[in-house]
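Analysis of the macromolecular model
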Amino acid sequence: MPLSSRHMNLAGFLIAGPVAHSHALWRNPAHEVPFLTSDYYVEVARKLEQGKFDLIFFADRLAVADRYGNDKEVGIRHGDQDSTRMDPVPILGALSATTRHIGLGATRSTTYDQPYHLAREFRTVDHLSNGRAAWNVVTSMNDSEAQNFGVESHLSHDQRYDRAEEFMELIFKLWDSWEEGALRLDRAKGLYADPAKVHYVNHKGAYFKSRGPLNIPRGPQGRPVIIQAGASDRGRAFAVKWAEIIFNISPTREHMKRSTQGVREETERLKRPAASCKSLTAIMPFVGRSREEAQEKRDIANSLVDPMVGLSTLAAHSNVDLSTLDLDAPVEQLQSTGTQSLIAMASRIAKDNSLSLREIGRKYGETVMVPQLCGTPKQIADEMADIFTSGDADGFVVSPAFLPDSFAEFVDGVVPELQRLGVFREDYTASTLRGHLQT
């Protein structure tokens, strides 16, 4: 009998570069990783589409990591999360032409971009993909990014969210500036569109001024699906107000439960429909013929991570130079002006387990705090189903240790087990990403 009358949602996590949450990804012992080619991303997306995933999305940042030692040396030498990040939006164009069902998401920053520009980008992707576009909204997080845009230091946490609030208000106005049915394409009468259904927005705010309307007709989804990962109190309120997918990283089951409960409470407070905002928690699966074989795969991947590469990414995420701390002294407290929730988790785990900075650097490089699940396809599916049916998550963001290997093992092994349990779709039944999320 099915365990649930509803289906979990699955997203594949990617960075358009050499790593994901696992910093071992580009060091795959089995084969080279051609992360600078379009064929690589097409292969990955097609595999996830074979597995009926709701979407694939690309995280992004706008600078190399140079907070550790205030220099690029460590991150570039070891290949951290920011050593290479190609622009993900053009990659979505390639994927829209080579897939048919899977949702396509990319990250763009509300701090270093303009609403009109982003409205055009994602409306274009939505048309080219026939309604599969998603925008992962970030506020950006450190001074390295600021300096690439001519600003000496980053906006404060609350200022970033103030700007992001107005950004979302304006971009939604732009996406709504073409009404349904405005595009007529009446060839006989020579009527392209109905001007009465295309509107100026005339926005004037504290951060933005834009007349509109958008110069692209309404898209198949109306508005692209919004993804967000805010986990601070302010971040969660912003995320639930605007997003349909909340992405969280929770190293323990209890944290997963609290994160999802926080999303649901905020959804209720904002009087949004209960199922309109999905809480997806990140996992890194290792699939084997036995749990022991899966654990051996995990250990091989983790052994390829240098502690310094994790510290480079951790310094970038926290927006703090960690090179001033003793590598082998226990970590008492890590401060952050960047991604506050991740740094708080890393700091708490380090303190609770008496980890040195070097040890927390290795752990961060292995997973960026994403829990690693090891087992047979059935064991992993059973654990995921239990998390889902218990209400501790609405679905999962699957983060690969290796590519395309980890996704292939998951799709070929775990997905059929999830389908057997009745907690995941047998096939796509909707034509748009928003439709996938609602079925």
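Everything numeric here is computed off the predicted structure, so don't read it as measured data.

1. Topic: a nonpolar patch on the surface
- A grouping of L183, L185 and Y192 is seen on the molecular surface, where their side chains present a nonpolar patch of about 310 Å² in accessible area.
- Its place among the elements puts Y192 in strand 6 (residues 191-193).

2. Examining helix 10 (residues 307-318)
- Taking 1.5 Å per residue, 12 residues should reach 16 Å; helix 10 reaches 16 Å between its end C-alpha atoms and fits that length.
- Along helix 10, 12 of the 12 residues are buried, which leaves the element largely enclosed by surrounding structure.
- Structurally, the start of helix 10 carries an N-cap: the backbone nitrogen of M308 is 2.7 Å from a side-chain oxygen of D306.
- Backbone geometry just after helix 10 places N319 at a positive phi near 60°.

3. Describing the side chain of S250
- Examined against the element boundaries, S250 turns out to sit in the loop between strand 10 (245-248) and helix 8 (253-269).
- Among the polar contacts made by the side chain of S250, one reaches the side chain of N248 at a distance of 2.7 Å.
- Looking at S250, its side chain comes within polar contact range of the side chain of S259, at 3.4 Å.
- With residues up to four places along the chain from it excluded, the contact list for S250 reads H255, M256, S259, T281, M369 and P371.

4. Points about helix 6 (residues 157-175)
- Over its 19 residues, helix 6 runs 27 Å from end to end, which matches the ideal 27 Å to within 8%, given 1.5 Å per residue.
- A large share of helix 6 lies buried, amounting to 14 of its 19 residues.

5. Examining unusual backbone geometry
- Residue G212 is joined to P213 through a cis peptide bond whose omega torsion reads -5°.
- By the secondary structure assignment, P213 is in the loop between strand 8 (209-210) and strand 9 (225-228).
- A positive phi angle, near 45°, is found at N202, a position not held by glycine.
- Within the secondary structure, N202 sits in the loop between strand 6 and strand 7 (203-204).
- Taking relative accessible area as the criterion, N202 reaches 53% and is therefore assigned exposed.
- Even without being glycine, V368 reaches a positive phi, approximately 50°.
- Among the structural elements, V368 can be located in the loop between helix 12 (357-367) and strand 12 (372-375).
- A relative accessible area of 1% means that V368 is categorised as buried.

6. Topic: the packing of helix 1 (residues 38-50) against helix 3 (residues 88-98)
- Running from amino to carboxyl end, helix 1 crosses helix 3 at an angle of 50°, the nearest separation of the two axes being 10 Å. When the axis of helix 1 is compared with that of helix 3, the two are oblique. Once helix 1 is placed against helix 3, the crossing between them reads as right-handed. Contact with helix 1, carried on its side by Y41, V42, A45 and R46, involves I91, L95 and T98 of helix 3 and no other residues of that element.
- Among the residues making up the contact of helix 1 with helix 3, the classes are represented as five nonpolar, one polar and one charged.

7. Some words on the packing of aromatic side chains
- Under the defined criterion, the tally for this structure stands at 15 aromatic pairs.
- Here the aromatic rings of Y112 and F149 are separated by 4.9 Å at their centres, their planes lie at 15°, and the arrangement is stacked. Here Y112 is found in the loop between strand 3 (103-109) and helix 4 (115-128), whereas its partner F149 is found in the loop between helix 5 (143-148) and helix 6, with 37 residues between them in sequence.
- Y112 gets classed as buried once you look at its relative accessible area, which sits at 13%.
- Relative to W175, the ring of W135 lies with its centre 6.3 Å away and its plane at 80°, an arrangement referred to as edge-to-face. On the criterion of sequence distance, the pair formed by W135 in strand 4 (residues 133-138) and W175 in helix 6 is long-range, its members being 40 residues apart. The residues W135 and W175 share a single accessibility class, namely buried.

8. A few points about the nonpolar core
- Grouped together as the largest cluster of nonpolar side chains are 123 residues, with contacts concentrated most on L10, W135, M384 and L418.
- When residues of this core are assigned to their parent elements, the largest contribution, nine residues, is made by helix 6.
- For M384, the residues in contact, after removing those within four places along its chain, are M8, L10, I283, L373, F396, F410, V414 and L418.

Cut-off values and rules
- Residues numbered from 1 in each chain as written.
- Predicted model: local features only at pLDDT ≥ 70, side-chain atom pairs only at ≥ 80, totals over all residues.
- Heavy atoms only, no water.
- Patch = residues over 30% accessible without salt bridge, like charges linked within 9 Å, V, L, I, M, F, W, Y side chains within 5 Å.
- Areas by Shrake-Rupley, 256 points an atom, 1.4 Å probe, with all protein chains shown as cover.
- Salt bridge = Lys/Arg side-chain N within 4 Å of Asp/Glu carboxyl O.
- Helix = DSSP H or I, 4+ residues; strand = E, 2+ residues; numbered from the N terminus.
- Expected span 1.5 Å × (residues − 1).
- Buried < 20%, exposed > 50% of the residue type's maximum accessible area, 1.4 Å probe, protein only.
- Polar contact = N/O pair within 3.5 Å; in protein donor to acceptor, adjacent residues only side chain to side chain.
- Contact = heavy atoms within 4.5 Å.
- Axes fitted to C-alpha atoms, helices over the stretch in contact; angles between N-to-C directions.
- Parallel < 35°, antiparallel > 145°, perpendicular 65-115°, else oblique.
- Left-handed = near helix turned anticlockwise from the far one by under 90°.
- Nonpolar A, V, L, I, M, F, W, Y, C, P; charged D, E, K, R; others polar.
- Phe/Tyr/Trp six-rings, centres within 6.5 Å; stacked < 30°, edge-to-face > 60°.
- Core = buried A, V, L, I, M, F, W, Y, C linked by side-chain atoms within 4.5 Å.

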